[in-house]
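What follows is the residue order along each chain.
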Amino acid sequence: MYSYEPDTQIFSRRAMIMGVGQLGLFGLLAARLQYLQVTQADQYGILAENNRVNIGLIAPLRGRILDRYGQEIATNRPNFQVVMIPEQTKDPIETLRVLEKLVPISPSRRKRLLRDIPRSRGFVPFTVAENLEWEQFAAINLNLPHLPGVEPQVGKLRYYPQDDIFSHMVGYVGRPDGRDLRRDDPLLKVPGFRIGKSGVEKQFDDKLRGSAGSRRVEVNNVGRVIRELARNPGAQGADLTMSMDSALQNEAISLLGEQSGSVVMMDVNSGEVLTIASAPTFNPNQFTVGLSQREWDGLLDDQRKPLINKAIAGQYAPGSTVKMLIAIAGLEEKVITPEEKIVCEGQYELGGDTFHCWEHEGHGLMNMHHAITNSCDVYFYELARRLGIDPIERVAKKFGLGRPSIPGAFGEKKGLIPGRDWKRANLDAAWQTGETLIAGIGQGYMLVTPIQLAVMTARLANGGKAVTPQLLMNLQNASNTNDDPVSVDANGAESNDIQVDPAHLKLMHKAMKSVVNDPDGTAFGSRFNLSGVASAGKTGTVQVRRISKDERESGIIPNEELDWHLRDHALFVGFAPVKNPKYSVAVVVEHGGSGSKVAAPIAQKLLKMALERDRQPLKIKTTSAAKFNKMKKNTAGTA
Amino acid sequence: MSQFLSPRLNSFQGRLASLNWLLVALITSISLIGVMMLYSVADGFEPWSIRHLTRLIFGLAFMITVAILDIKFWFRIAYFVYVIGLLALLSVEFLGDQMMGAKRWLDLGLVTIQPSEPMRVGLMLALARYYHNLPFENISRPQWLALPLLMIIVPAFLIFKQPDLGTSVLFSLTGVSVLFLAGLSWRYFFAGGLALIPAGWITWTMLLDYQKKRVLTFLDPNTDPLGSGYHILQSKIAIGSGGLTGKGFMQGTQSNLNFLPEKHTDFIFTMYAEEMGLFGALILLVMYLIILLMGYLIATQARSVFARILAMSISVSFFIYLFVNVAMVIGLLPVVGVPLPLMSYGGTSMITVMFGMGLLLNVQVNRYTELSVK
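Owing to the predicted nature of the structure, the values given are computational and were not obtained by experimental measurement. (Residues numbered from 1 in each chain as written. Chains lettered and ligands numbered in written order. Predicted model: local features only at pLDDT ≥ 70, side-chain atom pairs only at ≥ 80, totals over all residues.)

Turning our eyes to something else, we now look at the overall build of chain A. Regarding its fold elements, chain A presents 25 helices and 21 strands. Going through the 639 residues of chain A one by one, you find that 42% of them count as buried. Restricting the contact set of chain A to residue pairs at least 6 apart, pairs at least 24 apart contribute 74%. (Helix = DSSP H or I, 4+ residues; strand = E, 2+ residues; numbered from the N terminus. Buried ≥ 20, exposed ≤ 12 C-beta atoms within 10 Å, placed from the backbone. Contact = placed C-beta atoms within 7 Å.)

Written as structure tokens, this is what we have:
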């Protein structure tokens with residue numbers, strides 16, 4: 001039969017070989033499928049899920065910053081934007097041309113859009129314009145039926161309703177830059193996300209920022225969103241209630257006016273900072289929208305340094321405002337009594353050098369009270385010589401000088417209280433007695449910031465409690481309930497008391513009251529009397545140039561005739577009321593001239609206003625943020 | 001001779017009744033799975049699923065028609081079919097429509113076909129008849145080998161020129177397997193294997209850039225995950241993520257979200273394995289395996305040389321396409337444009353497979369038919 005024929009035999013064998021081969025290859029396929037679908041299933045499952053799902057972050061709404069009465073300092077306002085989705089338009093370029101007639105499109109953005117839109121995948125939305133006026137936004141909404149693919153959107157933008165009055169202390173927000181982005185928070189990469197760049201916005205960024213929400217969306221191979229799978233709205237940032245009072249702050253800024261300077265006012269007991277103003281100032285709203293190069297250069301080139309927060313970063317010689325501390329040091333070291341009189345003849349000789357009193361004629365016989373009232377320099381040269389630098393350094397530090405007042409505050413400088421060790425370490429030289437004398441009138445190496453002056457004055461006023469400035473109401477409350485120790489004394493021991501004899505402080509109060517309220521006091525001109533309540537203080541006029549011997553003989557050139565940057569700094573520290581002090585204030589006007597004529601009036605007006613506000617029921621004016629909220633409702637209606 | 005003929009083969013009904021209906025049922029089932037998967041791909045009957053179904057119905061009718069014709073008819077026109085196929089290939093060279101950069105398609109008015117596919121059946125018919133006529137002792141003589149080699153090489157070269165490397169290679173492989181089944185001496189296969197090395201090198205130099213790239217990315221798909229390696233990688237992700245039981249019908253994320261390329265044609269198995277899992281994939285492979293087993297049985301039971309060579313080579317060719325396609329989508333072979341028989345969407349593939357299966361069934365129906373040497 002056939003099966004015995006050779007060709008049939010060969011065929012059967014070869015067909016069998018092929019059949020077995022096929023079976024083997026089938027086994028190979030099955031094994032490979034088993035490997036992919038069982039052994040590696042988990043790994044490929046993850047890869048498929050990664051393919052499928054994109055996680056998008058939702059930027060949380062930034063917490064508001066409020067003043068002590070709840071008035072908004074920083075809030076979020078709607079940012080009216082126009083977004084175009086090219087694939088939904090009839091012709092994206094033509095649509096752009098129509099939009100241009102309705103809303104302003106900057107040339108650079110226009111160029112970018114014309115370049116990017118043709119290259120993009122059609123479903124990627126492009127922001128055509130933002131920060132639109134309500135009218136422009138309404139015009140877009142009105143024309144929507146004729147503009148397929150155009151979407152009006154309302155985003156959120158940081159807004160400072162009080163414009164420039166809080167800008168230094170509160171700061172502003174901006175796009176995260178390269179250094180910020182290195183921190184591995186993916187939220188920073190969300191388009192439009194802003195972080196605190198300075199001031200409180202930066203210092204408390206973590207609290208204000210809130211936590212990011214997220215949305216998981218299913219995408220296809222080209223990244224088009226197919227549907228939303230899940231959404232977690234996140235948590236909006238916490239509101240911060242600041243200790244500041246907008247009305248006082250506003251008054252401080254307007255009192256400073258065009259001058260370069262700063263004002264700090266704080267509660268002497270709680271440390272709450274009511275006013276912390278620096279001038280000239282800038283409008284933080286410009287920073288969130290984006291500053292032009294010219295505006296930026298203008299801010300940088302201004303010799304009055306508008307970008308510096310002078311209240312905490314301006315360092316000045318304290319001048320005569322430090323004299324109370326010298327006097328207390330003298331009393332503590334018992335090198336002088338309040339009654340002892342020292343004669344002032346207008347100058348003081350030491351080792352061949354002459355040290356001048358501001359009063360060239362001399363003050364005559366001065367006891368401690370009158371030496372402070374008249375701000376007699378010779379008295380304090382003598383007192384300083386008797387003390388030496390060490391007690392001066394010790395007492396100055398007790399009153400909060402020479403170290404940051406608000407740890408963590410953005411850009412705060414710590415000033416400088418010089419001493420033997422400091423000079424040895426930094427200048428590699430021994431301390432000279434002449435330097436002690438200069439320190440006795442608050443000149444020389446000594447540097448303080450306005451906030452330190454306010455703290456010093458508060459500690460003088462409150463009976464020697466180690467108060468520190470508090471910027472936030474909520475944090476302050478927390479620290480009260482916890483009964484946290486407020487300061488650390490020189491020995492490292494924690495204490496709420498700076499260890500000053502109340503009798504010594506009483507003497508200082510009396511002298512400082514006379515500075516303002518007695519006819520021979522240096523600040524008599526700016527005194528006020530609010531139904532029996534008065535203030536106390538001390539002026540300071542700080543020389544920023546060397547006066548040569550020749551100039552002294554021919555008559556010192558008055559400030560008005562000097563270049564601005566050579567004029568004296570005008571300083572004033574004060575508190576009110578004299579009995580049961582409540583507020584301390586420090587004013588520094590750079591190159592403002594005399595402390596009594598320039599700085600004292602600002603301080604006195606603010607103290608008076610603060611006391612008056614305590615007596616009146618409060619009226620909080622509606623902010624422009626309320627206006628924006630109203631607009632938001634309108635938007636919701638049309639969108 | 002006639003005593004070997006079953007009397008019922010004389011009638012139309014008799015021939016129908018003697019058809020291997022299990023084979024027909026398997027072919028239909030696999031094709032219906034294809035219809036189902038094409039529905040899942042497009043999320044509806046349009047555009048592929050319904051047309052695949054229509055083609056299946058016409059294809060089954062065509063297959064049965066081919067099956068119940070007298071095997072002598074196919075024996076007579078074997079060379080003619082081959083020549084028609086060759087002419088079609090040549091006309092593609094001169095008249096063919098360009099599609100995706102390659103001239104493969106011939107517009108026949110009603111349908112456009114790729115002649116390279118049905119040409120395979122023409123080759124098998126022609127070679128089967130050639131070896132049917134060739135005395136056994138002449139098979140391994142070089143002078144009798146020249147013609148069959150030419151019959152393979154000429155169309156293979158025309159297909160390669162289209163350019164369609166994958167089909168050309170599979171076409172040649174089909175031809176070589178017929179030579180093997182016919183009983184050609186082993187020596188030729190050893191020699192051919194050795195000759196393949198320089199031939200491979202020459203072919204490599206003639207390859208177009210995209211063809212070279214395909215081969216290279218096959219060797220290491222991870223080097224270019226978004227470029228040429230994309231298809232392989234995405235396909236493996238889809239299959240692997242299907243797991244044991246799959247993501248469920250219409251639930252394949254990879255395929256429904258377009259991460260998969262060509263999922264209605266060459267990558268339909270990927271889609272199937274993603275949605276039906278390893279169990280589904282193995283069930284499908286077993287169904288294919290049963291078809292092949294039947295092909296083997298039909299071939300070994302056939303009396304005439306023509307019939308058995310034809311039947312076995314159709315079965316082998318079916319296997320080659322099936323294996324290369326599945327091996328390709330699971331990353332065992334480079335990406336070559338080869339459809340999965342019965343499941344991939346495509347009219348040409350359907351016609352070719354149904355033609356081949358029709359001939360296989362024809363051999364089964366006519367297994368006792370003796371054919372004289374002509």
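What follows picks up the thread again.
Okay, the overall build of chain B next. Along chain B, the regular secondary structure elements total 15 helices and 3 strands. Per-residue burial over chain B gives 51% buried out of 374 residues. For chain B, long-range pairs separated by at least 24 residues make up 70% of all intrachain contacts whose partners lie at least 6 apart in sequence.

One recurring pattern in soluble globular proteins is that nonpolar side chains are buried together. Counting residues in hydrophobic clusters, the biggest one holds 122 residues, and the most contacted among them are Val264, Met265, Val585, Val587, Ala599 and Leu606 of chain A. For this core, the leading source of residues is helix H24 (residues 595–615) of chain A, giving 9 residues. Here this core spans two domains, and each of domain 1 (54–71 + 162–242) and domain 3 (246–615) of chain A adds at least three residues to it. Counting 118 residues, the second largest nonpolar core, distinct from the first, contains Leu284, Ala307, Ala311 and Val363 of chain B. (Core = buried A, V, L, I, M, F, W, Y, C linked by C-beta atoms within 7 Å. Domains from an automatic or database assignment.)

A few words now on the interface of chain B and chain A. Contacts between the two partners involve 40 residues from chain B and, on the opposite side, 34 residues from chain A. Those elements that place two or more of their residues in the side of chain B that touches chain A are helix H8 (165–182), helix H11 (230–242), helix H12 (253–256), helix H13 (268–301) and helix H14 (305–329) of chain B. Considering each element in turn, the side of chain B that touches chain A owes the most residues, 11 residues, to H13 of chain B. Taken together, the residues of the side of chain B that touches chain A sort by class into 27 nonpolar, 10 polar and 3 charged. (Nonpolar A, V, L, I, M, F, W, Y, C, P; charged D, E, K, R; others polar.)

So, on to the packing of helix H2 (residues 41–52) of chain A against H11 of chain B. Packing of H2 of chain A against H11 of chain B leaves a shortest axis separation of 7 Å and a crossing angle of 120 degrees. When the axis of H2 of chain A is compared with that of H11 of chain B, the two are oblique. Crossing hand, H2 of chain A versus H11 of chain B: left-handed. For the pair H2 of chain A and H11 of chain B, contact is made by Ala41, Gln43, Tyr44, Gly45, Leu47, Ala48 and Asn51 of chain A and by Lys236, Ile237, Ala238, Gly240 and Ser241 of chain B, respectively. Across the contact of H2 of chain A with H11 of chain B, the residue classes tally to 6 nonpolar, 5 polar and 1 charged. (Axes fitted to C-alpha atoms, helices over the stretch in contact; angles between N-to-C directions. Parallel < 35°, antiparallel > 145°, perpendicular 65-115°, else oblique. Left-handed = near helix turned anticlockwise from the far one by under 90°.)

Before going further, it helps to examine helix H3 (residues 92–102) of chain A. All names here are of chain A. For H3, the complete set of buried residues consists of Pro92, Thr95, Leu96 and Leu99. Buried residues of H3, viewed axially, fall in a sector of 105 degrees; they line one side. Along H3, the residues that are exposed and aim more than 90 degrees away from the buried face are Ile93, Glu94, Arg97 and Lys101. Next to the buried residues of H3 lie strand E3 (72–84), helix H4 (107–116), strand E4 (126–129) and strand E5 (150–159). (Arc of directions from axis to C-beta.)

Before going further, it helps to spend a moment on the environment of leucine 566 of chain A. Residue and element names in this part refer to chain A. Here leucine 566 lies in the loop between helix H23 (549–554) and strand E20 (569–576). The class for leucine 566 is partly exposed, based on 13 C-beta atoms found within 10 Å. In this structure the C-alpha to C-alpha distance between leucine 566 and glycine 593, which are 27 residues apart in sequence, comes to 9.8 Å. Leave out the neighbours within four places in its chain, and leucine 566 touches Val544 and Arg545.

With that settled, the discussion passes to the pairing of E20 of chain A. Residues and elements named next belong to chain A. When you tally the buried positions in E20, you get 8 out of 8 residues, the bulk of the element. Across 7 bridges, strand E19 (residues 536–542) lies against E20 in antiparallel orientation. Residue pairing for E20: glycine 540 is matched across the bridge by leucine 571. Pairing geometry for E20 and strand E21 (residues 583–589), over 7 bridges, is antiparallel. Considered in E21, the bridge of leucine 571 is made with valine 588. A loop of 6 residues connects E20 with E21, the two strands running antiparallel in sequence, and asparagine 580 in this loop sits at a positive phi of about 45 degrees. (Pairing = 2+ DSSP bridges.)

Here we come to the confidence of the model for chain A. Any region with low pLDDT has predicted coordinates that should not be read closely. All names here are of chain A. On average, residues of chain A score 85 in pLDDT, and 90% of them are at 70 or above. Model confidence for chain A, summarised as mean pLDDT per element, is weakest for strand E17 (residues 487–488) at 42 and strongest for E21 at 96. Across residues 475–494 the pLDDT falls below 50, and counting only partners more than four positions away or on other chains, this stretch makes 21 contacts in the model. Within the model, pLDDT remains below 50 along residues 622–639, and this stretch shows 18 contacts once partners closer than five positions in the same chain are excluded. (pLDDT = per-residue confidence, 0-100.)

Residues and elements named next belong to chain A. You can see phenylalanine 355 is positioned in strand E15 (residues 353–356). The sequence separation of phenylalanine 355 and leucine 437 amounts to 82 residues, and the corresponding C-alpha distance is 8.3 Å. Beyond its immediate sequence surroundings of up to four residues, phenylalanine 355 is in contact with Gln347, Tyr348, Leu350, Tyr381 and Leu437.

Moving on, we get to helix H9 (residues 186–206) of chain B. All names here are of chain B. For H9, spanning 21 residues, the distance from its first C-alpha to its last is 29 Å, which sits close to the expected 30 Å at 1.5 Å a residue. The principal kink in H9, of about 35 degrees, is found at isoleucine 197, preceding the proline proline 198 by one to four residues. Here H9 lies mainly on the outside; 0 of its 21 residues are buried. (Expected span 1.5 Å × (residues − 1). Bend = angle between axes of the 7 residues up to and from the residue.)

What follows covers the packing of H11 of chain B against H13 of chain B. Residues and elements named next belong to chain B. Axis separation between H11 and H13 bottoms out at 6 Å; the angle between their running directions is 20 degrees. Comparing the axis directions of H11 and H13 gives the class roughly parallel. For the pair H11 and H13, the sense of crossing is left-handed. Contacts between H11 and H13 involve Ser235, Ala238, Ile239, Ser241 and Gly242 from the former and Thr270, Ala273, Glu274, Glu275 and Gly277 from the latter. Across the contact of H11 with H13, the residue classes break down as 3 nonpolar, 5 polar and 2 charged.

Right, let's talk about the sheet that holds strand E11 (residues 261–267) of chain A for a bit. Residue and element names in this part refer to chain A. If you trace the 5 strands from one edge of the open sheet to the other, you get E12-E11-E21-E20-E19, paired in antiparallel fashion. Strands with a single pairing partner mark the edges of an open sheet, and in this sheet they are strand E12 (273–279) and E19. Shown here is a sheet whose adjacent strand axes are inclined to one another by a mean of 5 degrees, direction ignored. With 7 bridges joining them, E11 and E21 adopt antiparallel strand pairing. Each bridged residue has a counterpart across the sheet, and for aspartate 267 the counterpart in E21 is tyrosine 583.

With that settled, the discussion passes to the pairing of E11 of chain A. Residues and elements named next belong to chain A. A large share of E11 lies buried, amounting to 7 of its 7 residues. Here E11 shows a buried face lined by Gly261, Val263, Met265 and Asp267 and a second buried face lined by Ser262, Val264 and Met266. When E11 meets E12, the two strands line up antiparallel, connected through 6 bridges. Looking across to E12, one finds that serine 262 is bridged to serine 278. Turn length for the E11-E12 hairpin, with the two strands adjacent in sequence and antiparallel, is 5 residues, and the turn residue glycine 271 shows positive phi of about 85 degrees.

Negative phi characterises most residues that are not glycine, and trans characterises most peptide bonds. In this structure, the amide linkage connecting alanine 279 of chain A to the following residue, proline 280 of chain A, adopts the cis form with an omega of -5 degrees. Looking at the secondary structure, you find proline 280 of chain A in the loop between E12 and helix H11 (284–289). Backbone torsion omega between glutamate 46 of chain B and proline 47 of chain B reads -5 degrees, so that peptide bond is classified as cis. Inspection of the secondary structure assignment puts proline 47 of chain B in the loop between helix H2 (21–42) and helix H3 (49–68). Its identity as a non-glycine residue notwithstanding, methionine 250 of chain B has a phi of 70 degrees, on the positive side. Mapped onto the secondary structure, methionine 250 of chain B falls in the loop between H11 and H12. For methionine 250 of chain B, a count of 14 C-beta atoms within 10 Å corresponds to the partly exposed category.

Residue and element names in this part refer to chain A. Looking at the secondary structure, you find lysine 414 in the loop between helix H17 (389–398) and helix H18 (420–427). With 16 C-beta atoms packed within 10 Å, lysine 414 lands in the partly exposed category. Excluding its chain neighbours within four sequence positions, the residues that come into contact with lysine 414 are Gly402, Arg403 and Pro404.

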